[in-house]
Amino acid sequence: MATRARTGRARRSGARAARGRRRAAARERSDLGARLIAAVPAIAVALFLVIEGGAVFALGLFAFGCVCMHELSAMFERAHPVRLAGFLALAGLLAAARYGDQYQVLLVAVSALPLLFMLTLLQRRPSLGGMLVTLLGVYWIGFALAHAVLLRDLPHGLGIVIDVLVGTFLGDTGAYLGGRLFGRRPLAPSISPGKTVEGLAIGMAFSVLGVWLAVRYQGWLPVSHSLVLGVGVALAAPVGDLFESFVKREAGVKDSGSLFGAHGGALDRLDAVLFTAVTGYYIWAAYVH
C-alpha cells in the first residue's frame, strides 16, 4: 500500500511538472508573438521616418525623444526633474544636428546647463537631484538622437541608419531567443537577472550577421566596412540595454512606461538604439571624412 501511495504521488508530481513546463512554453510563445506584433508598427514608423529623412526624421525623433524623457522623469519624479528644460534642450540638439554640425550640437549641449539652472530656480521645489535627472536625459537621450540625425545626413546615411537598426533589432531578438533556449550563466544578475552570457554571445552574432546581410544589397559599402560597423553595433547594443536596466533598477521599476503595453515604454524599445546610433555615426564618419 505504501509503495502504491508513493508511486501515485510521484505520478501526480510528474504530471504537475509537465503541466508547468507546458504552461511556461505557452507563455514564451505568447510573449514572442506579442513582441513581434508590437514590433511591426514600430518598424513601419521607423522606416517611414528614416526614408523621409530631413526635417521629418528630426521631428519624428523629437516626438520619440519627448516620450523617452517623460518616462525618465516619471521614474524619478521624487527628484523633481525639470521636464521643460529637457524638452527645450532636445529640440535644440536636434535642430543643431539638422541644420548645423557637431560644433553646433556641442554649443547647444553646453548651453543646456545654464538654461536648466534658471528653469530649476523657477520650480516649486528646486533640487540638485532634479537637475541631474534632467541632464541625464539630455546627454543620454538628446545626444543620441542628435547623432542619429547627423548620421542620416552623412553620405549614404539612409543605408547606414537602416544597417544600424537592422543590426540592433536582430541582435536584441537573437539575445532574447538565445537566452531563452541556451541561457545558463547570468550576465549581470544584480542589474538584469534575465540576461545571460549565452544570450549576449548569440545576440552579438546576430548583430554582425544582420549588418552584413543588410549591406549585401549596398554595392557602395565594402564588406570590411560592414563588418566593422556590425562589430560596433554588436558591442554597443548590449551596453545600452544594460544601462537602461541599471536606470530602471535604481528607479525601482520593471518597465520605463506603457507605450507598448506589456512590453514597456519607448526607452525599453530604444535603449540599445541610443547607444548604437552614436557608435554608428562615429564609425561611418571615420570612413567618409
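Placed above this text is the structure.
1. Some details on the overall build of the chain
Check the secondary structure of the chain and you find 10 helices and two strands. Taking all 289 residues of the chain together, the buried fraction comes to 40%. Within the chain, counting contacts between residues at least 6 apart in sequence, those at least 24 apart form 72% of the total. Counting every atom, the chain has about 15200 Å² of accessible surface; 68% of that belongs to carbon and sulfur.

2. Some thoughts on the packing of aromatic side chains
Taken as a whole, this structure holds six aromatic pairs when the rule is applied. Here a set of aromatic residues connected by ring pairs shows up, and it is made of Trp140, Phe243 and Phe275. Stacked on the ring of Tyr99, the Lys or Arg Arg98 has its end atom at 5.3 Å from the ring centre.

3. Topic: the packing of helix α3 (residues 83-99) against helix α5 (residues 128-152)
In contact at an axis separation of 9 Å, α3 and α5 are set at 20° when each is read in the N-to-C sense. In terms of orientation, α3 and α5 fall into the roughly parallel class. Of the two possible hands of crossing, α3 and α5 adopt the one that is right-handed. In this structure, α3 contributes Ala85, Gly86, Ala89, Leu90, Leu93, Leu94, Ala97 and Arg98 to the contact, and α5 contributes Thr134, Val138, Gly142, Phe143, Leu145, Ala146, Val149 and Leu150. When the residues that make up the contact of α3 with α5 are grouped by side-chain class, the tally is 12 nonpolar, three polar and one charged.

4. Quick word on the side chain of Thr120
Here Thr120 lies in helix α4 (residues 102-121). Of the polar contacts made by the side chain of Thr120, one reaches the backbone oxygen of Leu116; its length is 2.7 Å. Excluding its chain neighbours within four sequence positions, the residues that come into contact with Thr120 are Val82, Pro126, Ser127 and Met131.

5. Considering the packing of helix α6 (residues 157-182) against helix α7 (residues 197-214)
Orientation of α6 relative to α7, taken along the N-to-C sense of each, is 150°, at an axis distance of 6 Å. As judged from the angle between their axes, α6 and α7 are roughly antiparallel. Pair α6 / α7 crosses with right-handed handedness. Taken together, the residues of α7 that come into contact with α6 (itself represented by Asp163, Val166, Gly167, Leu170, Gly171, Gly174, Ala175, Gly178, Gly179 and Phe182) are Glu198, Gly199, Ile202, Gly203, Phe206, Ser207, Gly210, Val211 and Ala214. Each residue belonging to the contact of α6 with α7 can be placed in one class, and the counts come to eight nonpolar, nine polar and two charged.

6. Re the nonpolar core
Core analysis: the biggest nonpolar cluster contains 53 residues, and Leu72, Ile141, Leu151 and Leu267 have the highest contact counts within it. Among the elements that line this core, the one with the most residues is α5, at 11 residues. Grouped together as the second largest cluster of nonpolar side chains are six residues, Val82, Leu116, Leu119 and Leu135 included.

7. Considering α3
Under the 1.5 Å per step criterion, the end-to-end length of α3 is 24 Å for 17 residues, consistent within 8% with the ideal 24 Å. All of the buried residues in α3 are Ala85, Gly86, Ala89, Leu90, Leu93, Leu94, Ala96 and Ala97. Looking straight down α3, one finds that the buried residues subtend no more than 160° of arc, so they occupy a single side. For α3, the secondary structure elements touched by its buried residues are α2 (54-75), α4 and α5.

8. Things to note about the pairing of strand β2 (residues 192-196)
Where strand β1 (residues 186-188) lies against β2, two bridges are found, and the strand directions are antiparallel. Looking across to β2, one finds that Ala188 is bridged to Ser192.

Parameters at a glance
Residues numbered from 1 in each chain as written. Predicted model: local features only at pLDDT ≥ 70, side-chain atom pairs only at ≥ 80, totals over all residues. Heavy atoms only, no water. Helix = DSSP H or I, 4+ residues; strand = E, 2+ residues; numbered from the N terminus. Buried < 20%, exposed > 50% of the residue type's maximum accessible area, 1.4 Å probe, protein only. Contact = heavy atoms within 4.5 Å. Areas by Shrake-Rupley, 256 points an atom, 1.4 Å probe, with all protein chains shown as cover. Phe/Tyr/Trp six-rings, centres within 6.5 Å; stacked < 30°, edge-to-face > 60°. Lys NZ or Arg CZ within 6 Å of the ring centre and 35° of its normal. Axes fitted to C-alpha atoms, helices over the stretch in contact; angles between N-to-C directions. Parallel < 35°, antiparallel > 145°, perpendicular 65-115°, else oblique. Left-handed = near helix turned anticlockwise from the far one by under 90°. Nonpolar A, V, L, I, M, F, W, Y, C, P; charged D, E, K, R; others polar. Polar contact = N/O pair within 3.5 Å; in protein donor to acceptor, adjacent residues only side chain to side chain. Core = buried A, V, L, I, M, F, W, Y, C linked by side-chain atoms within 4.5 Å. Expected span 1.5 Å × (residues − 1). Arc of directions from axis to C-beta. Pairing = 2+ DSSP bridges.

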